[in-house]
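Structure at a glance
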Amino acid sequence: MSNPDTSFRAPPDTPVAMPRVRSFVGELPLLAFVLAACAGLIVFFTGNSFAQNLLATTFLFAALSTSWNIIGGLGGQFSLGHSVFFAFGAYIAARMHLDLGLSPWLALLPAALVAAAFAMLVSWPVFRLRGPFFAIATMAMTEVVLALAMYFSSITGGAQGLSIPFKAGLHNMIFRDRMSYAILMLCFLAVTLIVMAAVTRSRLGYQLRAVHDNEDTAEAAGIDVLRTKLVGMGISAALTAMGGVFFLMYVRVVDPPSLFSLFDIGVKIALIALIGGIGTIYGPLLGALLVVPLEGMLRAELGGMMPGSNLIVLGFILVLTAMYLRKGIAGTGTDLFARIRGGR
Amino acid sequence: MTELVNILAVGLLLGGIYALVSVGLNLIFGVIRIVNFAQGEFVMLGMYGAFAAQITLRLDPYVATVLVGPALFALGAFVYWVILRPLQGQPMMQVFATFGLLMILENTVLALTGGTAYSVNSGLTGYSVSFGPIQIGLPRVLVLTAATVVTLALGWYLKSTMHGKAIRAVAQDRNAARLMGVDVERIYMVSFGIGAALAGLAGCLLSPLYTMSPQIGMNFIMPAFAVVVLGGLGSVKGAYFGGLIVGLTEALAGFYLDPALKQAVLFLMFIIVLVVRPSGLFGTAGAEEVGLREQS
Amino acid sequence: MTGFLEIRNASRHFGGLKAVDNVSFAVEKGEIVSLIGPNGAGKTTLFNLLTGQLAPTHGSVSFMGRDIGPLRPHQRARLGFGRTFQISKTLVSMSVLENAMIGAFLNDRALPDAARHAAAALERVGLAGVAGKRSGDLTLGERRRLEVARALAMQPHLLLLDEVMAGLNQTEVQEIIALVHQLNTEGVTLIVIEHNLKVVRAFSRRVLVLNRGQLLAEGTADAVLTDPAVVEAYIGGGASS
């Protein structure tokens, strides 16, 4: 046999110049900078309650979209049914607050746990489906739970909905000024970004991405595909349910059609992630910073004259993103950066 | 007993509506492998088209089909060519694109009409047909009849005409069809157009039955998904029987359980079928998994 | 007998087609076994039965004396099965290093450990220089080697290579042959699907020939390749060497 190329005989431990693999800790400086910039926005708009409102909504949706991104982006399971977990959070907090007089802060953990358990239970069979069929099944799940929510009006208040009495105080998570809500939502965003960064820079994150890319390869490499998806879904649903708690205390009036809304919740958080960059850590935040203020302003400017104009614009953004910006703002930016740096 | 017959009749007629709405959706899926989320909006446009034809040309909605059908064919062909053609082999991007289209169409109509609820009159609205002990409004009978005729006609067209055979060839193996000289892109465009035109036809026929709203498309698309999944993805016959099954299920669940729960029962059944027998009753096994990948 | 890997009376039907038809054989620890046969003979299907990607219609598979029939592919991977795919299933959104890390995560929890083991695996297949590239940008030959690297990073006891030589140039083929021998001396058992008969002669003492789903012949490379039935099957089914 001929002499093999020497590079093949190199002992496995020879040091080579390998690209650095970024760790969770390595992610922290950028994370801190991004959060500081968001806090800067809140400070900049001090006293402007319209802007503070918009910021609160933006941060909330950025956080929800970041939560969705864990299973939707990293794991590639395009759920359009996250409004179910969102509603779970809101209703658990509402019942604990209205019936037992408990602080919504105490509802965060139970909401997260119940939603995660429910999400994993219903996803178990549905994860057999791929792509659009998974998306359709999650839409159908939304319809089922919505119908049940309308039916069991003793829990959800039925069509009239529920309202939380206004009793301001940190303990009640109710504030007189809008700025406090913006800060509250920013804190929630921080939590979701930290979780997203931790997942992305972990074995779980790599395995979710492998499952996203090719399930056969993932399985052959020893990844329990179903378990990986379930864990990703559980984390994602838990965070989404926490978002439901914050949303409830922010608006204080909720009814099933708005909580389960396909457009305003289920699809919107997926679409924000798509526009910002699916599977990236900061994509959903970028998407939310673009979409939510735009939509808010359109609604304020044109809402009376042309109802639905905000959704028309959103629809166009969605179509154009799908056609021309598949990797979203963050993904395309990263590619460009890599290309410039790599000189390719 | 009369009661049960009544419920079954209601269910069948409802099933006729769902079948008519779903045939186009399933044609598009079967041939192009695109799940068109905007199909309900095409139905909605058909209804508003019938309304527009009535106030401008004083046309009966049943007559308006001859204008609305071709108009929606053109719209469908345009949508395919401009938006969906570049997204071949990107199933999730197609979902987002058709969802975006759904939002655009629904809200454009909302913006134009300001949300006013319209309705359409037809000369046939007052008539009814009796079947034994039950009386049924003529428009509903016409919908069921139309669904049956469309299913049979489409089945015949696909089986017996040259163009229909080309469509089936493309549905089975697009690459082989391409090698045989079939213009695949054109077949896709025409199929999407036919699917949209069928939705427009459904819209016209349904317009005397419903008060119109821009959001009405959503009321159709979710049952239509249930229909195609139950009946079988990509099967014209499946859409017809799936429609009847969904209609009957909804009517029976509404009566024996609670009208408020009929949707829950329907979609629960839908999810169960999707998971247990994803190929549906008449579909090809594995379509839900492999059907949407780019054929290699 | 309790072989290292044993497959008994295994069949796999697709509708009316018997892709694998009543195949039995055993592989001993430390062997390099080649699996050859004309296109469509059922080689890849047989691989899928061994790794659990497909369930056999009939028959059983055992590994180290244990029936592994009910085990899913990922469970078999944990027992020490590594494999490559014939149609390269590279994880296209990931870099080359990250692709290999997916294999390394089988044994490693921490990122730095996985990265180190992945880097070592890339080094062995000669891809260290492109570790930072997107795997989608690789050439076909590089992709096949990346498949091998991912499997290597799993530190498998049993490695199944599905036509890793296809599309590689002479030097690359020699490199892979050397790698296979090196792995074998380290104690890895290998089953190799290969079309190139020169390659088969180079590294395999035992060759299995599959034709129309059935085991047609079994023996040393020289004996098998001169077997009239095998020659007939190859010429009849379109020779490729």
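Residues numbered from 1 in each chain as written. Chains lettered and ligands numbered in written order. Predicted model: local features only at pLDDT ≥ 70, side-chain atom pairs only at ≥ 80, totals over all residues. Heavy atoms only, no water.

Concerning the overall build of chain A
Heads up, the rule is: Strands are runs of DSSP state E lasting at least two residues, helices are runs of H or I lasting at least four, and both sets are numbered from the N terminus onward. Think of it in three bands: with a 1.4 Å probe and only protein chains considered, a residue is buried below 20% of the maximum accessible area for its type, exposed above 50%, and partly exposed in between. Whether two residues touch is decided by their heavy atoms; if any such pair falls within 4.5 Å, the residues are in contact. Using the Shrake-Rupley algorithm and a 1.4 Å probe, accessible areas are obtained, with residue cover drawn only from the displayed protein chains. Positive residues here are Lys and Arg, negative ones are Asp and Glu, while His and the chain termini are left out of the count. Just so you know, the charge point we use is NZ for Lys, CZ for Arg, CG for Asp and CD for Glu.
Check the secondary structure of chain A and you find 16 helices and two strands. By principal-axis analysis of the C-alpha atoms, chain A measures approximately 85 × 45 × 40 Å. Counting the 344 residues in chain A, one finds 58% classified as buried. Expressed as a percentage of contacts within chain A between residues at least 6 apart in sequence, the contacts between residues at least 24 apart total 78%. As presented, chain A carries roughly 13,600 Å² of accessible surface, and 67% of it is formed by carbon and sulfur atoms. For chain A, the distance from the average site of its 22 positive side-chain charges to the average site of its 16 negative ones is 4 Å.

Observations regarding the confidence of the model for chain C
Which entries qualify depends on this criterion: What pLDDT conveys is the predictor's confidence in a given residue, as a value from 0 to 100.
With 96% of its residues at a pLDDT of at least 70, chain C reaches an overall mean of 88. Predicted complex, confidence summary: ipTM 0.90, pTM 0.89.

Regarding the packing of helix 9 (residues 203–213) of chain A against helix 11 (residues 225–251) of chain A
Residue and element names in this part refer to chain A. We count it as follows: For every element, the axis is a line fit to its C-alpha atoms; helices are fit only across the contacting stretch, and the angle between N-to-C directions ranges from 0 to 180 degrees. Each crossing gets its handedness from the near helix: less than a right angle anticlockwise from the far helix is left-handed, clockwise is right-handed. Under the scheme applied, nonpolar residues are Ala, Val, Leu, Ile, Met, Phe, Trp, Tyr, Cys and Pro; charged residues are Asp, Glu, Lys and Arg; polar residues are all the others, including Gly.
For the pair helix 9 and helix 11, interaxial distance at closest approach is 10 Å and the crossing angle is 115°. As for how helix 9 packs across helix 11, the hand of that crossing is left-handed. Of the residues in helix 11, those in contact with Leu-204, Gln-207, Leu-208 and Val-211 of helix 9 are Val-225, Thr-228, Lys-229, Val-231, Gly-232 and Ile-235. Residues belonging to the contact of helix 9 with helix 11 are distributed by class as follows: six nonpolar, three polar and one charged.

Observations concerning the environment of Arg-212 of chain C
Residues and elements named next belong to chain C. With respect to the helices and strands, the residue Arg-212 is situated in the loop between strand 9 (206–211) and strand 10 (214–219). Put simply, Arg-212 and Lys-43 are 169 residues apart on the chain and 9.5 Å apart in space, counted from C-alpha to C-alpha. In this view, Arg-212 contacts Lys-18 and Ala-41; residues no more than four positions away in its chain are not counted.

Side note on the interface of chain A and chain B
Note the threshold: Accessible area that two parts lose when put together, evaluated with a 1.4 Å probe and summed over both, is termed the buried area. Here, a salt bridge means any Lys or Arg side-chain nitrogen found within 4 Å of an Asp or Glu carboxyl oxygen. Side-chain atoms alone can form a polar contact between residues adjacent in sequence; in general such a contact is a pair of N or O atoms within 3.5 Å, and within protein one must be able to donate a hydrogen while the other accepts it.
Taken residue by residue, the interface counts 39 residues in chain A and 47 residues in chain B. Across the chain A/chain B interface, buried area totals approximately 3,900 Å², and carbon plus sulfur atoms make up 84% of it. When the area that chain A buries against chain B is broken down by residue, the three leading residues are Phe-133, Ile-136 and Phe-263 of chain A, summing to 16%. At the surface where chain A touches chain B, the tally comes to zero salt bridges. Our count for the chain A to chain B interface comes out at zero residue pairs in polar contact (both at pLDDT 80 or more). Looking at the side of chain A that touches chain B, the elements with two or more residues in it are helix 5 (104–126), helix 6 (131–151), helix 13 (262–276) and helix 15 (309–324) of chain A. The dominant element in the side of chain A that touches chain B, judged by the number of residues it contributes, is helix 6 of chain A, at 14 residues.

Thoughts on the pattern of salt bridges
Should their charged atoms come close, side chains of opposite charge can pair. Residue and element names in this part refer to chain C. Tallied over the entire structure, the rule returns 19 salt bridges over all chains. Of the charged contacts, one joins Asp-222 and Arg-201 as a salt bridge, the two residues approaching to 2.5 Å between their closest N and O atoms. Note that Asp-222 is positioned in helix 8 (residues 221–226) and Arg-201 in helix 7 (residues 197–203), a separation of 21 residues in sequence.

Concerning the interface of chain A and chain C
Taken residue by residue, the interface counts 35 residues in chain A and 47 residues in chain C. Summing the contributions of chain A and of chain C, the shared interface buries around 3,600 Å²; its carbon and sulfur component is 61%. Joining chain A to chain C, the criterion identifies three salt bridges. In this structure, Arg-209 of chain A engages Glu-98 of chain C in a salt bridge whose closest nitrogen and oxygen atoms are separated by 3.1 Å. Inspection of the chain A/chain C interface yields 11 residue pairs in polar contact (both at pLDDT 80 or more). The element that contributes the greatest number of residues to the side of chain A that touches chain C is helix 9 of chain A, accounting for six residues. The residue makeup of the side of chain A that touches chain C, split by class, is 14 nonpolar, eight polar and 13 charged.

Some remarks on the side chain of Asp-108 of chain C
Inspection of the secondary structure puts Asp-108 of chain C in the loop between helix 3 (96–104) and helix 4 (111–125). Salt bridges are absent for the buried Asp-108 of chain C, whose nearest opposite-charge side chain, Arg-116 of chain C, sits at 6.2 Å. In terms of polar contacts, Asp-108 of chain C uses its side chain to reach the side chain of His-117 of chain C, at 2.7 Å. Other than its neighbours up to four places away in sequence, Asp-108 of chain C contacts Arg-203 of chain A together with Asp-113, Ala-114 and His-117 of chain C.

Here's the deal with the sheet that holds strand 5 (residues 66–67) of chain C
All names here are of chain C. This is how it is decided: DSSP-based pairing: two strands are paired if at least 2 bridges between them are found.
Strand order across the open sheet formed by four strands is 2-1-4-5, with antiparallel pairing between neighbours. This sheet does not close on itself; its edge strands, each paired only once, are strand 2 (17–27) and strand 5. Two strands pair when backbone bridges link them, and strand 1 (residues 5–14) and strand 4 (residues 58–63) are joined in this way by five bridges, in the antiparallel orientation. Of the residues in strand 4, the one forming a bridge with Glu-6 is Ser-62.

Thoughts on a positive patch on the surface
Heads up, the rule is: By definition, no residue in a patch forms a salt bridge, and every one has over 30% relative accessible area; like charges are joined within 9 Å, nonpolar side chains (Val, Leu, Ile, Met, Phe, Trp, Tyr) within 5 Å.
Together, Lys-159, Lys-165, Arg-168 and Lys-237 of chain B make up a region of like positive charge exposed at the surface. Locating Arg-168 of chain B in the fold gives a position in helix 6 (residues 162–172).

A short note on the sheet that holds strand 6 (residues 81–83) of chain C
All names here are of chain C. Taken together, the six strands give an open sheet; going across it, the order is 6-7-8-3-9-10, and neighbouring strands pair in mixed fashion. The open sheet is flanked by strand 6 and strand 10, the only strands paired with a single partner. Averaged over all pairs of adjacent strands, the angle between strand axes in this sheet comes to 20°, irrespective of strand direction. Pairing analysis gives five bridges linking strand 9 to strand 10, with the strands arranged antiparallel. Within strand 10, the residue paired with Asn-211 across the bridge is Gln-214. Sheet strands in contact with helix 1 (residues 43–51) are strand 3 (32–36), strand 6, strand 7 (158–162), strand 8 (189–193) and strand 9, and its direction is about 155° off that of strand 7.

A closer look at the nonpolar core
Cut-off, in case you're wondering: Here, nonpolar core means buried Ala, Val, Leu, Ile, Met, Phe, Trp, Tyr and Cys residues that are tied together by side-chain atoms lying within 4.5 Å of each other.
Ranked by size, the top nonpolar core spans 213 residues in total, and within it Leu-259 of chain A together with Val-31, Phe-37, Phe-99, Phe-225 and Phe-270 of chain B carry the most contacts. Dropping the residues within four chain positions of it, Phe-99 of chain B is found in contact with Leu-80, Met-139, Leu-262, Phe-263, Val-267 and Leu-318 of chain A together with Phe-37 of chain B. Counting residues in hydrophobic clusters, the runner-up holds 54 residues, among them Ala-131, Leu-161, Val-173 and Val-192 of chain C.

Things to note about the confidence of the model for chain A
All names here are of chain A. Taken over all residues, the pLDDT of chain A has a mean of 89, while the share at 70 or more is 94%. Mean pLDDT across the elements of chain A bottoms out in helix 1 (residues 6–9) (40) and peaks in helix 11 (97). Every residue in residues 1–12 scores below 50 in pLDDT, and together they form 18 contacts with partners more than four places removed in sequence or on other chains.

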